[in-house]
Amino acid sequence: MRRFCCSIVARILAVPVTPWAWYHERRILRAGRELAAVELADARQLGVCSPERVRVLAVDRVPNPLGPLFRLLSRSTGIACFDPSGLTLRYGIFAVPPMDRDRRLLTHEFVHIVQYQQAGSLWAFLWRYIYQCLADGYVGAEWEREARAGSSRMGN
């Protein structure tokens, strides 16, 4: 029953998050930097289709539309909430300097790009990702474990 409820909540949360993600992906694609040659090679090796489309935007703080919800859950459950160093929105990556050039972070985010591509749409990725985080926690979420493993395979 818990997993079913997480699925419903994730689908509901993905509705307002999808246009937010679409807007910010466009922002990153307009203002972000292109990948360096070694980053392009890493992205290709991890299976990113069209890695030349990927952009990275350095920001002081990674925006999070669900931040207030996570902070509320953190206060009510005692589970620590953190500010991420990076966030992928399809072909756009937000990253906090100096992590915007960090190979471990970028390869992790490249795996998320592959997951977006496999999911087929922004909304499909977001509801599944949110579901995994709600049902299994961020650390236990399947796509987070996959991204950590992909980054490790690259020698990071």
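Look up a bit, the structure's there.
Read on for a plain summary of the structure.

### Some remarks on the sheet that holds strand β4 (residues 92–95)
(1) Moving on: Strand order in the open sheet formed by four strands is β1-β2-β4-β3, with mixed pairing between adjacent strands. The outermost strands of the open sheet, each flanked by one partner alone, are β1 (33–34) and β3 (86–89).
(2) Moving on: Sheet topology note: the β3/β4 ladder contains four bridges and is antiparallel. The residue of β4 that forms the bridge with Leu89 is Gly92.
(3) Moving on: Across the sheet, helix α1 (residues 2–31) touches β1, β2 (55–58), β3 and β4, and the angle it forms with β4 is around 85 degrees.

### Description of the packing of aromatic side chains
(1) Moving on: Scanning all chains against the criterion turns up four aromatic pairs.
(2) Moving on: Between Phe125 and Trp143, the ring centres sit 4.9 Å apart and the planes meet at 15 degrees, which makes this aromatic pair stacked. You can see Phe125 sitting in helix α5 (residues 122–140) and its partner Trp143 sitting in helix α6 (residues 142–153), a full 18 residues away along the chain.
(3) Moving on: Look at Phe125 and you get buried, because its relative accessible area is 3%.
(4) Moving on: Exposure remark for Trp143: the relative accessible area of 11% places this residue in the buried category.
(5) Moving on: Site record: aromatic cluster; members linked through ring pairs are Tyr116, Phe125, Tyr129 and Trp143.
(6) Moving on: The aromatic ring of Trp127 is capped on one face by Arg11, whose charged end is 3.7 Å from the ring centroid.

Rules and cut-offs
- Residues numbered from 1 in each chain as written.
- Predicted model: local features only at pLDDT ≥ 70, side-chain atom pairs only at ≥ 80, totals over all residues.
- Heavy atoms only, no water.
- Pairing = 2+ DSSP bridges.
- Helix = DSSP H or I, 4+ residues; strand = E, 2+ residues; numbered from the N terminus.
- Contact = heavy atoms within 4.5 Å.
- Axes fitted to C-alpha atoms, helices over the stretch in contact; angles between N-to-C directions.
- Phe/Tyr/Trp six-rings, centres within 6.5 Å; stacked < 30°, edge-to-face > 60°.
- Buried < 20%, exposed > 50% of the residue type's maximum accessible area, 1.4 Å probe, protein only.
- Lys NZ or Arg CZ within 6 Å of the ring centre and 35° of its normal.

Treat this as a map of the structure, not an account of what it does.
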